[in-house]
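Residues per chain, in single letters:
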Amino acid sequence: MDLKGKKIILHDMCLRDGMHAKREQISLDQMVKVATALDAAGVPYIQVTHGAGLGGNSLQHGFAPHSNEEYISAVASKMTQAKVSVLLIPGLGTMKELQSAYDCGARSVHVATHCTEADTAPQHIAFARKLGMDTTGFLMMAHLNDPEGIARQGKLMEGYGAHTVYVTDSAGYMLPDDVKARIGALRAVLKPETEIGFHGHHNLGMGIANSIAAIEAGATRIDGSAAGLGAGAGNTPLEVFAAVCERMGIDTGVDLFKLMDVAEEIIVPMMEHVVRVDRESLTLGFAGVYSTFLLHSKRAADRFGVPARDILVELGRKKMIGGQEDMIMDTAMTMARERGLLKAVAA
Amino acid sequence: MKKIRCALIGSGNIGTDLIYKIQRSPVLEPVWMVGIDPASEGLARAREMGLKTTADGVDGLLPHVLEDNIQIAFDATSAYVHAENSRKLNALGVMMIDLTPAAIGPLCVPPVNLRQHADKVEMNVNMISCAGQATIPIVNAVSRTQGVGYAEIVASLSSKSVGPGTRANLDEFTYTTSGAIEKVGGARKGKALAIINPAEPPMIMRNTISCLTDEAPDEARITESILQMIKEVQKYVPGYRLVNGPIYDGNKVQVFMEVAGLGDYLPRYAGNLDIMTAAATRTAEMFAEEILKGSIRLTAVA
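Small disclaimer: the values here were computed from a predicted structure and weren't measured.

**Describing the overall build of chain B**
Link 1 in the chain: Helices and strands together make up the secondary structure of chain B, namely ten helices and eleven strands.
Link 2 in the chain: For 302 residues, the compact-globule estimate of 2.2 N^0.38 gives 19 Å, and chain B sits close to it at 19 Å.
Link 3 in the chain: Reported as C-alpha extents along the three principal axes, the dimensions of chain B are approximately 60 × 45 × 35 Å.

Given below as structure tokens:
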């Protein structure tokens, strides 16, 4: 399909999804350094939050060294053109936290629900609109709902006031046809002025191909992250995607070489582990498991002696979804007991 | 034996499940069910089960309160109308058990503080939230042993068991439960997380409770206290079960629980709804036992 001249809005995730890959340990200086470099490269939206979004600081999701407010304030004051965005998952984050993120300079928000639970977001989407924010309804683990179901959920989010509805491949499980079917179903029911976005994970190496497929089906916003810094095998690597767009004549408005430099010179040296498709992250993509579960499963594997891949497959079988990180430890303990590696407490 | 006569306000799933639990009680008798829709299934079912019904809201019940000797009412409507319902019924000397998030009365978790509320003859007690009922006993079991600076709970609920009211007001659920972890659980700071999982077949309610103790945890004493508390909850929620833990990691204590319901009217996986109706019934029973013994007397609130 000829996509020449199409305008696409890029949204960088390395300071939010990338927090997962850094066990939430990104310093204020690093945040500012990355964000100013992305801003200078012309990236229009930069997400800055704890990996689990507003309200994310918790035993469940880990504690970052700074509050979301500190991160957002530090970054927002330095932006020349980029807008700072945040993630808000109802049930974890609240409207109070959205208000304070806005007060610190956030102007865009992904309000995220599991792909079948859009009706837990009406308050938050309406409140974001009231604040005048660029508002996205973000349907996570979208492979777990069929195209018609995604269309119905997206329509709800549009009804609550979302400017944009995203198909979010949290498990990096989808193939291009899966993406096209869901984006196409949304395009068929949403108002023409409602935008559609795609957020990919690279667990099967499909981040770029899936994002292009999304554009072919009508998406105009694409999430990615410089050098792919994100949960699992990372997000769609933004500089690679920008290069493909340039070859295809898709207009992203970013400076490709500057973006490549951010990835190579700033992000890669920050990585604690090489974010790539390896045995465990491939398992996420293959079994359809939430990408953030990767490092949690590796820790549970170390503690209880059950291989991370076995834990991930079991979590997939039990249909655990984003936010159920506590069930990783629980599942690992149950498996360890069944394998004679752990004694039960009598109750 | 004489029983205390009760009214149920709200003819939805919770109200219907309450009929079953109250009918089994040796000290409670369900007499009235109050709805707002004459065609509602809940009212029809209540009539079949032998209750008197009105579709005119609480005002339809008021003229019958004295002649039918209604002494306890359960409100399973919404936070928006609860205050008015409570005012009208309290004025007639009816004690209110609030299953809405209104929380105008003190928060009640039976094994933690029901005794105190009954002794004080509180005329309105609030049942917090399903996640609160399922997790606060455990937080309290730790905090009664050692100081807890922070407690965090994660409630996983099956999608089918979460009604439109909770969905549209998820922030209220978060605030109410977080506050109760502090006020009733005894942690200095509380945080509540809710996850709604659509898996089929529906998953049974799960709760993970994590506490950070001020000093290094005394593992044996804390484990003993938790196991003791679980037994207390099991007296009114038999499906309250320890799945894993307690496990200790530095000052962190973690407990992984499951709540299966009794399957009265609500399906077994909806342990979250069952623990609310069971806790509310337990609360009413304690008041009823005291009233029947003559140790407390309900009086009209002017």
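Here the narrative resumes.
**Quick word on the overall build of chain A**
Link 1 in the chain: Helix and strand content of chain A: 14 helices and eight strands.
Link 2 in the chain: A compact globule built from 347 residues would reach a C-alpha radius of gyration of about 20 Å, and chain A, at 19 Å, matches this within 12%.
Link 3 in the chain: A burial count over chain A gives 60% of its 347 residues as buried.
Link 4 in the chain: Considering only contacts in chain A between residues 6 or more positions apart, those separated by 24 or more positions represent 77%.

**As for helix α11 (residues 279-287) of chain A**
Residue and element names in this part refer to chain A.
Link 1 in the chain: If you check which residues of α11 are buried, you get E280, S281, T283, L284 and G285.
Link 2 in the chain: Where α11 is buried, its residues meet α12 (293-304) and α13 (308-317).
Link 3 in the chain: Trailing α11 by a residue or two, G288 shows a phi angle of about 75°, which is positive.

**Quick word on the environment of Q25 of chain A**
Link 1 in the chain: Of note, Q25 of chain A is situated in the loop between α1 (17-21) and α2 (28-40).
Link 2 in the chain: Residue Q25 of chain A is classed as partly exposed on the basis of its C-beta count, with 13 C-beta atoms lying within 10 Å.

**Here we look at the packing of α11 of chain A against α12 of chain A**
Packed helices, taken two at a time, are described by the angle their axes make and the gap between the axes.
Residues and elements named next belong to chain A.
Link 1 in the chain: Running from N to C, α11 and α12 cross one another at 125°; their axes reach a closest spacing of 10 Å. One element, α11, and the other, α12, form an angle in the oblique class. In this structure, α11 crosses over α12, and the sense of that crossing is right-handed. In this structure, α11 contributes E280, S281 and L284 to the contact, and α12 contributes F293, L294, S297 and K298.
Link 2 in the chain: Within the contact of α11 with α12, the residues separate by chemical class into three nonpolar, two polar and two charged.

**Overview of the confidence of the model for chain B**
Link 1 in the chain: In this model, chain B carries a mean pLDDT of 95, and residues with pLDDT of at least 70 account for 100%.
Link 2 in the chain: Here the prediction assigns the complex a pTM of 0.94, and the interface score ipTM is 0.93.

**Digging into the interface of chain A and chain B**
Link 1 in the chain: Contacts between chain A and chain B engage 26 residues on the former and 30 residues on the latter.
Link 2 in the chain: Among the secondary structure elements, those contributing two or more residues to the side of chain A that touches chain B are α5 (122-130) and α14 (326-338) of chain A.
Link 3 in the chain: With five residues, α14 of chain A is the largest single contributor of residues to the side of chain A that touches chain B.
Link 4 in the chain: Residue classes in the side of chain A that touches chain B are distributed as ten nonpolar, eleven polar and five charged.

**Details of the pairing of strand β2 (residues 28-34) of chain B**
Residue and element names in this part refer to chain B.
Link 1 in the chain: For β2, the buried fraction is high: six of the seven residues fall into the buried class.
Link 2 in the chain: As paired strands, strand β1 (residues 4-9) and β2 are joined by six bridges and run parallel to one another. Note on β2: the bridge partner recorded for L8 is M33.
Link 3 in the chain: For the crossover that starts at β1, traverses helix α1 (residues 13-24) and ends in the parallel β2, the hand is right-handed.
Link 4 in the chain: Two elements, β2 and strand β3 (residues 52-54), share three bridges in a ladder whose sense is parallel. Within β3, the residue paired with M33 across the bridge is T53.
Link 5 in the chain: The handedness of the β2 to β3 crossover, carried by helix α2 (residues 41-48), is right-handed.

**Describing the packing of α12 of chain A against α13 of chain A**
Residue and element names in this part refer to chain A.
Link 1 in the chain: Where α12 meets α13, the axes come as close as 8 Å, and the angle between the chain directions of the two elements is 125°. Viewed along their axes, α12 and α13 adopt a mutual orientation that is oblique. You can see that α12 and α13 cross each other, and the crossing is right-handed. Contact with α12, carried on its side by F293, S297, K298, A300 and A301, involves A308, I311, L312 and L315 of α13 and no other residues of that element.

**What about the sheet that holds strand β4 (residues 70-75) of chain B?**
Residue and element names in this part refer to chain B.
Link 1 in the chain: With parallel pairing, six strands are arranged side by side in an open sheet as β3-β2-β1-β4-β5-β6. Each of the sheet's edge strands pairs with one partner strand only, and the pair in question is β3 and β6 (124-126). Taking each pair of neighbouring strands and ignoring which way they run, the sheet shows an average axis angle of 25°.

**Comments concerning the environment of R317 of chain A**
Residue and element names in this part refer to chain A.
Link 1 in the chain: Mapping R317 onto the fold places it in helix α13.
Link 2 in the chain: Residue classification places R317 among the exposed residues on the basis of 11 C-beta atoms within 10 Å.
Link 3 in the chain: Expressed as a C-alpha distance, the spacing of R317 and A287, which sit 30 residues apart in the sequence, is 8.2 Å.

**Here we look at the sheet that holds strand β9 (residues 205-213) of chain B**
Link 1 in the chain: Overall, mixed pairing links the five strands, which are arranged β8-β7-β9-β11-β10 (chain B) in an open sheet. Of all strands in the sheet, those with a lone pairing partner are β8 (189-197) and β10 (240-249) of chain B, marking the two edges. In this sheet, adjacent strand axes meet at a mean angle of 15° when their direction is disregarded.
Link 2 in the chain: Note that strand β7 (residues 148-158) of chain B and β8 of chain B share nine bridges and pair parallel. Counterpart to Y150 of chain B in the pairing with β8 of chain B is K189 of chain B.
Link 3 in the chain: Here α14 of chain A sits on the sheet in contact with β7, β9, β10 and β11 (252-259) of chain B, set at roughly 95° to β10 of chain B.

**Examining helix α6 (residues 130-143) of chain B**
Link 1 in the chain: Here α6 of chain B contains 14 residues, and its C-alpha end-to-end distance of 20 Å stays within 8% of the 20 Å for a straight helix at 1.5 Å per residue.
Link 2 in the chain: Counting buried positions along α6 of chain B yields 14 of 14 residues, so the element is predominantly enclosed.

**Structural notes on unusual backbone geometry**
Residue and element names in this part refer to chain B.
Link 1 in the chain: Here the bond from E200 into P201 is cis, since omega is -5°, no more than 30 degrees from zero.
Link 2 in the chain: Tracing the chain through its elements places P201 in the loop between β8 and β9.
Link 3 in the chain: Note the cis peptide between G245 and P246, where omega equals -5°.
Link 4 in the chain: Relative to the helices and strands, P246 resides in strand β10.

Reading the values: the criteria
- Residues numbered from 1 in each chain as written.
- Chains lettered and ligands numbered in written order.
- Predicted model: local features only at pLDDT ≥ 70, side-chain atom pairs only at ≥ 80, totals over all residues.
- Helix = DSSP H or I, 4+ residues; strand = E, 2+ residues; numbered from the N terminus.
- Rg over C-alpha atoms; globule rule 2.2 N^0.38 Å.
- Buried ≥ 20, exposed ≤ 12 C-beta atoms within 10 Å, placed from the backbone.
- Contact = placed C-beta atoms within 7 Å.
- Axes fitted to C-alpha atoms, helices over the stretch in contact; angles between N-to-C directions.
- Parallel < 35°, antiparallel > 145°, perpendicular 65-115°, else oblique.
- Left-handed = near helix turned anticlockwise from the far one by under 90°.
- Nonpolar A, V, L, I, M, F, W, Y, C, P; charged D, E, K, R; others polar.
- pLDDT = per-residue confidence, 0-100.
- Pairing = 2+ DSSP bridges.
- Right-handed = clockwise from strand over helix to strand, strands pointing away.
- Expected span 1.5 Å × (residues − 1).

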